[in-house]
Each structure stands twice: as structure tokens, then as C-alpha cells.
Amino acid sequence: SGQRLIVGEGKINTPSGVNFTQSATIAGVSSTGSVLTKIGAGMLTLPTTNTYGKLLIQAGTVNTLEGTGVVIGLPTTVEFTGGSLVDANNEYSYATNKANFIVETGKTGSITLDPRCNYTGTLTGAGTLTVIAGGIRNYLQGDWSAFEGELVVKATKRGSYDPLLYWNNGYGLP
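Rules used throughout
Residues numbered from 1 in each chain as written. Predicted model: local features only at pLDDT ≥ 70, side-chain atom pairs only at ≥ 80, totals over all residues. Heavy atoms only, no water. Pairing = 2+ DSSP bridges. Helix = DSSP H or I, 4+ residues; strand = E, 2+ residues; numbered from the N terminus. Axes fitted to C-alpha atoms, helices over the stretch in contact; angles between N-to-C directions. Salt bridge = Lys/Arg side-chain N within 4 Å of Asp/Glu carboxyl O. Buried < 20%, exposed > 50% of the residue type's maximum accessible area, 1.4 Å probe, protein only. pLDDT = per-residue confidence, 0-100. Core = buried A, V, L, I, M, F, W, Y, C linked by side-chain atoms within 4.5 Å. Contact = heavy atoms within 4.5 Å.

1. Focus on the sheet that holds strand β12 (residues 84–86)
Here comes step 1: One open sheet accounts for seven strands, arranged β3-β6-β8-β12-β15-β18-β20; its pairing is parallel. Edge strands, defined here as strands with exactly one partner in the open sheet, are β3 (19–21) and β20 (150–155). When the angles between neighbouring strand axes are averaged without regard to direction, this sheet yields 15 degrees.
Here comes step 2: Summarising the sheet, strand β18 (residues 128–133) and β20 pair through six bridges and their orientation is parallel. If you follow A133 over to β20, its bridge partner there is A155.

Here it is, written out as C-alpha cells:
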């Protein structure tokens, strides 16, 4: 308890069938240059306090936890080369996810949205991103206009309310 995981260029491997929860802070050697890479087909749940610059999801699932009024546990940038990001599932609070997402050409990823969340980060690249609406208020408010890939939209009811996805910005798509 109270131990921090410090990464410069670190990897966490969760093999298939393994669910690993990192409860202590993940700190970067640098808040902008440090990269944490998630490999393996299993599941990783991030703590609510992290200070590294980038999360690279190569395989498996990464879960986030929700702090007061914001989805915490994500660095500034999340890049997908495979795998999934599943945001907290809390339909009774309003959160904000400020992460910038990258899906490069030939790469894939998916994000399951928090049922009541404003997504204000950017989306760039030219890969395929599956966005799964999870609840009543999924607001996409960030600038995704530089994304040149394929956006696949799905819905999965995660709570009491039917999923709704709102394209709530003036940026559009290219």
C-alpha cells in the first residue's frame, strides 16, 4: 500500500484471464515523455492518480476509475494499436474525459463510454476506432476533424437507461 509504480518506457502484461488492478499511483519519469504500454489479452484497471504522458494499448482491456467530476486514470494521450478502453460505469454522476486518442493507419481500438460523460479530447490517425455508447449522456465534444480513419459506432446498455450518443461539437469529421 502506498507504493508507486514509476515508468519511463514501461509495459504491463496481463495475460488472458488475468484481471490486474493497480491501486497505487503510476508516475512517469516525465509527465509528457513517459509511456505505459498495456500488452496481453487480460484486463488492467488503472488507479485514479497517474502522472505519465501516454498510454499505449496494444492488447486486452484497460479500465478507468472515476474521480469526482472527471474520469481519472488516463494520461494526456491514449494510443490504440489494438485492445480496448472501458471508461468507468457510473450513470449517476457527470464526468469529463480529456484524453486525446490516436489510432494510426492499420491499427484498431475500441472505447466503451462512461454513461454520463463529456469527451473533450481530440481523435487523430487513420485506423479504425469503435465507439460504444454506454448510457444516456455520451457527449463527443472534442475536435475529431483530423481523424481520417473509420469510426464504428455501437451501443451497449450499461445501466438503467438506453444508450444515446451526442455529436456535440462544431468541428465535424473530415
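Additional details are given in the paragraphs that follow.
2. Points about the pattern of salt bridges
Here comes step 1: In total, this model carries two salt bridges according to the counting rule given.
Here comes step 2: With a closest N to O distance of 2.6 Å, K54 and E79 form a salt bridge. Separated by 25 residues along the polypeptide, K54 in strand β7 (residues 54–57) and E79 in strand β11 (residues 77–80) bring together distant segments of the chain.
Here comes step 3: Taking the relative accessible area as the measure of exposure, K54 reaches 23% and is therefore partly exposed.
Here comes step 4: Note that K157 is salt-bridged to D162, the shortest N-O span being 3.6 Å.
Here comes step 5: We classify D162 as exposed; its relative accessible area is 52%.

3. Thoughts on the confidence of the model for the protein
Here comes step 1: For the protein, the mean per-residue pLDDT works out to 86, and 88% of the residues sit at or above 70.
Here comes step 2: Ranking the elements of the protein by mean pLDDT puts strand β1 (residues 5–7) last with 52 and strand β14 (residues 100–103) first with 98.

4. Regarding the pairing of β7
Here comes step 1: Sheet topology places strand β5 (residues 35–39) next to β7; four bridges connect them, and they run parallel. By the bridge assignment, V35 is partnered in β7 with K54.
Here comes step 2: In this sheet, β11 lies alongside β7 in parallel orientation, the contact comprising four bridges. By the bridge assignment for β11, L56 is matched with E79.

5. Section: the nonpolar core
Nonpolar side chains tend to gather and get buried jointly when the protein is soluble and globular.
Here comes step 1: Of all hydrophobic cores here, the largest spans 27 residues; its most connected members are L46, L55, V78, F80, L85, F101 and I111.
Here comes step 2: Those elements that provide at least two residues to this core are β7, β11, β14, β16 (116–119) and β18.
Here comes step 3: Among all residues touching I111, those that are not within four sequence positions of it are L85, D87, F101, Y119, L129, T130, V131 and I132.

6. Some points on the sheet that holds β16
Here comes step 1: Strands sit in the order β13-β16-β19-β21 across an open sheet of four strands; the sheet is parallel. Strands with a single pairing partner mark the edges of an open sheet, and in this sheet they are β13 (95–97) and β21 (165–167). In this sheet, neighbouring strand axes are inclined to one another by 20 degrees on average, regardless of whether the strands run parallel or antiparallel.
Here comes step 2: Here β16 runs beside strand β19 (residues 137–140); their pairing, made up of four bridges, is parallel. What sits directly across from N118, in β19, is Y139.

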